[in-house]
Amino acid sequence: MNELKYKTIDLASKNDLDKFEVIKENSKYRPKFHITPPHGLLNDPNGFCYFNNEYHLFYQWYPFDTFHGMKHWMHLTSSDLFHWQEHGAKITPTEKYESHGAYSGAAIVEGEQAYLFYTGNIKLESGRDANQCLALLSADNRVVKYSGNPVIQSVPNGYTGHVRDPKVLKRGEHYFMLLGAQREKDLQGCIIVYQSNDMLHWDFKGELSINVEGKFLDAYMFECPDLLTVDGHDVLIFSPQGVEPCSFRFHNKFNVIYCLGHIDFDTLTFDVTHWDELDRGFDFYAPQSLANTPDKQTIIAWAGTDEVLPSMEHGWIHCLTLPRSLSVKSNRLCQFPEQLLKTANNHQQLEFLIKQHESIELNNLSFYLDVHTNNNNDDFSISLQNSNGKEITLSIQGKNILLSRKGYEHHDSDWNFGSERQLETDYDINNIKIISDESILEIYINDGMDVFTCLFFPDESNHQVNISSGKNQPLDVEFKYLTI
Ligand code: FRU
């Protein structure tokens, strides 16, 4: 097997360490308040929890290069979800049971410890195998692998080696572990469930039946299952792979589904009252909820699955989305990063009323924009444009939304998945909030009824925001730069 690809951080040479320092110094494209790797590749958020009066977050990290190699768990802590302190790799896959990476997983807080469950990924000549493993995070921020690992060895009968991404939760007296899996008989994705009384010994219970018709059930693999309760609704989240585009949905390489409804662990069924894609933009995958939240339910996700992005030239690739607070309104899941707006410093706040058209010249790309209309089914557009005419445009026409980043094509291969995303809402659109952070836009429709996440890699030229009202109806605008 490729030596660099499966190298662990403890084997970094002096040369590697020097290279890492150079990468850390360069700030080109680096978001200010979205998490990026110091060097190398970041993917899924892991082990996200509130523990010992702090927020803890880990992410999948390959430190040596910008491709998917040996995955470690990088550890960060924060007191407010926005100022993060980095602690380096806390799960390094040095054991046989995790020979090809410490893959994704989640935390559960019990007593004096946070239990971090993850998948020990094993690559074999003949395919792959998976072990479910445990590491314990204690109050002094040490992470120690459980000596009895793996807690689940290999995969249950009837499933391929693609079984991963444990999410453990407690219901009543029992602990349940949800895992993404692939059936052997039809090579389709599903969620399987184990049960335990002590989190160390696990019994296979079976497959979760998701009671709904949906094209996403044909996926070849479900990754990163999550289950939480928001405003009295059970919410099941997972990342299916291999779903064909259908009308305005499923246009990304991989997409994310949420289902609202009710879970029954006795019958292993999830009755769905509503489902949708969790994000309608280009770059959103493998979200994870905050375990043991002291406040609102919150999720954070990996912003994107593209394998080639311009930041690679600078030695790093990918970022996480903002942590988004969740609520259920009109039987749909809403997301908004409330905490950021409470925490961030605001500069040069502008508030004005637009009759037809207005432009704001930008001196940096980390800002917040809020556009409000009092007229139902209004038409308006917002664009971010540079002085060479490159543009990302959001157009609202009645209940139709079109987001185009055609002007910001960052690599040819991405455009297999198109440079436009569309949505027809079943509600009146009266508010757009945009958070821009150097190379990522998060666009919230009506306080997060729908969200579009969109990466873009701006050149050095000047940028402006243009806002136009199609029917000359007044638009209320608030604009401010954000720093933290
Ligand atoms: C999702 C995923 C997970 C896996 C991890 C490996 O992006 O493929 O299923 O555990 O990434 O890094």
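All of these numbers come straight from a predicted model, not from anything done at the bench. (Residues numbered from 1 in each chain as written. Predicted model: local features only at pLDDT ≥ 70, side-chain atom pairs only at ≥ 80, totals over all residues. Heavy atoms only, no water.)

Asker: An account of the overall build of the protein chain is requested, with residue identities and associated values reported.
Answerer: When you go through the protein chain residue by residue, the secondary structure sums to two helices and 35 strands. Relative to the globule expectation of 23 Å for 484 residues, the C-alpha radius of gyration of the protein chain, 22 Å, shows essentially globular dimensions. The C-alpha extent of the protein chain, read off along each of the three principal axes, is 65 × 55 × 40 Å. Put simply, the protein chain has 484 residues, and 60% of those count as buried. Across the protein chain, the fraction of contacts at a sequence separation of at least 24, relative to all contacts at a separation of at least 6, is 59%. (Helix = DSSP H or I, 4+ residues; strand = E, 2+ residues; numbered from the N terminus. Rg over C-alpha atoms; globule rule 2.2 N^0.38 Å. Buried < 20%, exposed > 50% of the residue type's maximum accessible area, 1.4 Å probe, protein only. Contact = heavy atoms within 4.5 Å.)

Asker: Run through the nonpolar core, naming residues and quoting values.
Answerer: Core analysis: the biggest nonpolar cluster contains 43 residues, and Val235, Ile237, Leu278, Leu333, Leu340 and Ile435 have the highest contact counts within it. A domain split of this core shows at least three residues from each of domain 1 (2-323) and domain 2 (340-483). In this structure isoleucine 435 touches Phe33, Leu322, Pro337, Leu340, Phe367, Tyr368, Ile440, Leu441, Glu442, Tyr444 and Leu482, once residues within four positions along its chain are discounted. By size, the runner-up hydrophobic cluster in this structure holds 36 residues, among which are Leu362, Leu369, Ile401 and Tyr408. (Core = buried A, V, L, I, M, F, W, Y, C linked by side-chain atoms within 4.5 Å. Domains from an automatic or database assignment.)

Asker: Give me unusual backbone geometry: which residues, what numbers.
Answerer: In this chain, asparagine 149 is followed by proline 150 through a cis amide linkage whose omega measures -5 degrees. Following the sequence through the fold, proline 150 ends up in the loop between strand 9 (143-145) and strand 10 (164-171). For cysteine 224, which is not glycine, the phi dihedral falls at a positive 50 degrees. Residue position: cysteine 224 is located in strand 15 (residues 221-230).

Asker: Describe the side chain of serine 78, listing the residues and the values that go with them.
Answerer: Its place among the elements puts serine 78 in strand 3 (residues 72-78). Judged by its relative accessible area of 2%, serine 78 falls in the buried class. A distance of 2.8 Å separates the side chain of serine 78 from the backbone nitrogen of leucine 81, its partner in a polar contact. Those residues in contact with serine 78 that sit more than four places away from it in its chain are Glu54, Tyr55, His83 and Trp84. (Polar contact = N/O pair within 3.5 Å; in protein donor to acceptor, adjacent residues only side chain to side chain.)

Asker: Explain the sheet that holds strand 22 (residues 324-329) residue by residue, including any values.
Answerer: One open sheet accounts for four strands, arranged 19-20-22-23; its pairing is antiparallel. Since the sheet does not close on itself, it has two edges, and those belong to strand 19 (285-289) and strand 23 (332-336), each with one partner. Taken pair by pair, the neighbouring strands of this sheet meet at an average axis angle of 40 degrees, ignoring direction. Sheet topology note: the strand 22/strand 23 ladder contains five bridges and is antiparallel. (Pairing = 2+ DSSP bridges. Axes fitted to C-alpha atoms, helices over the stretch in contact; angles between N-to-C directions.)

Asker: Hey, could you go over the site of the ligand for me, with residue numbers and the actual values?
Answerer: If you check the shell around the ligand, you find Asn43, Asp44, Gln60, Lys71, Tyr103, Ser104, Arg164, Asp165, Glu223, Tyr285 and Trp302 and nothing else. A distance of 3.0 Å is found between an oxygen atom of the ligand and a side-chain nitrogen or oxygen belonging to lysine 71. Against a free-state accessible area of 320 Å², the protein chains account for coverage of 92% of the ligand. For the shell around the ligand, the secondary-structure elements that each account for two or more residues are strand 1 (40-51) and strand 10. Residues that form the shell around the ligand fall into these classes: three nonpolar, three polar and five charged. (Near = heavy atom within 4 Å. Areas by Shrake-Rupley, 256 points an atom, 1.4 Å probe, with all protein chains shown as cover. Nonpolar A, V, L, I, M, F, W, Y, C, P; charged D, E, K, R; others polar.)

Asker: Which residues make up the UniProt feature "domain: Glycosyl hydrolase family 32 N-terminal" (unreviewed entry) in the protein chain, and what values go with them?
Answerer: Under the local residue numbering, the UniProt record ascribes the feature "domain: Glycosyl hydrolase family 32 N-terminal" (unreviewed entry) to residues 34-337. Annotated as residues 34-337, this span is 0% helix and 53% strand, and its ends, taken at the C-alpha atoms, are 12 Å apart. (UniProt positions renumbered as here; feature names shortened; annotations may be inferred.)

Asker: I'd like a description of the pattern of salt bridges, backed by residues and values.
Answerer: Between side chains of opposite charge, pairing is possible as soon as their charged atoms come close. Under the criterion given, the structure shown has 28 salt bridges. Across the pair glutamate 223 and arginine 164 runs a salt bridge whose closest N-O atoms are separated by 2.7 Å. Highlighted residues: glutamate 223 in strand 15 and arginine 164 in strand 10, separated in sequence by 59 residues. We classify glutamate 223 as buried; its relative accessible area is 12%. Glutamate 420 is the salt-bridge partner of lysine 406, the closest N and O atoms lying 3.3 Å from each other. In this pair, lysine 406 sits in the loop between strand 29 (400-404) and strand 30 (420-424) while glutamate 420 sits in strand 30, placing the two residues 14 residues apart along the sequence. Take lysine 406: its relative accessible area is 48%, and that puts it in the partly exposed class. Salt bridges here are not isolated pairs; linked through shared partners, they connect Arg249, Asp276, Glu277 and Arg280. (Salt bridge = Lys/Arg side-chain N within 4 Å of Asp/Glu carboxyl O.)

Asker: Hey, could you go over the pairing of strand 35 (residues 475-483) for me, with residue numbers and the actual values?
Answerer: Most of strand 35 sits out of view: seven of its nine residues are buried. As judged from the seven bridges shared by strand 26 (residues 366-373) and strand 35, these two strands associate in the antiparallel manner. If you follow aspartate 370 over to strand 35, its bridge partner there is glutamate 478.

Asker: Could you give an account of the environment of asparagine 197, naming the residues involved and the relevant values?
Answerer: Among the structural elements, asparagine 197 can be located in the loop between strand 12 (189-196) and strand 13 (203-207). By relative accessible area, asparagine 197 is classed as exposed at 58%. Along the primary structure asparagine 197 and tyrosine 175 are separated by 22 residues, whereas in three dimensions their C-alpha atoms are 6.0 Å apart. Once residues within four sequence positions are removed from consideration, asparagine 197 is found in contact with Glu173, His174 and Tyr175. Side chain to side chain, asparagine 197 and histidine 174 meet in a polar contact 3.0 Å long.

Asker: Can you break down the packing of aromatic side chains residue by residue, with the values?
Answerer: Per the stated rule, a full pass over the model turns up 21 aromatic pairs. Measuring from ring centre to ring centre gives 5.0 Å for phenylalanine 336 and tyrosine 444, while their planes differ by 80 degrees; the resulting arrangement is edge-to-face. Taken together, the residues span a long stretch of sequence, with phenylalanine 336 in strand 23 and tyrosine 444 in strand 32 (residues 440-445) at a distance of 108 residues. Here phenylalanine 336 falls in the buried class, since its relative accessible area comes to 10%. The class for tyrosine 444 is buried, based on a relative accessible area of 0%. (Phe/Tyr/Trp six-rings, centres within 6.5 Å; stacked < 30°, edge-to-face > 60°.)

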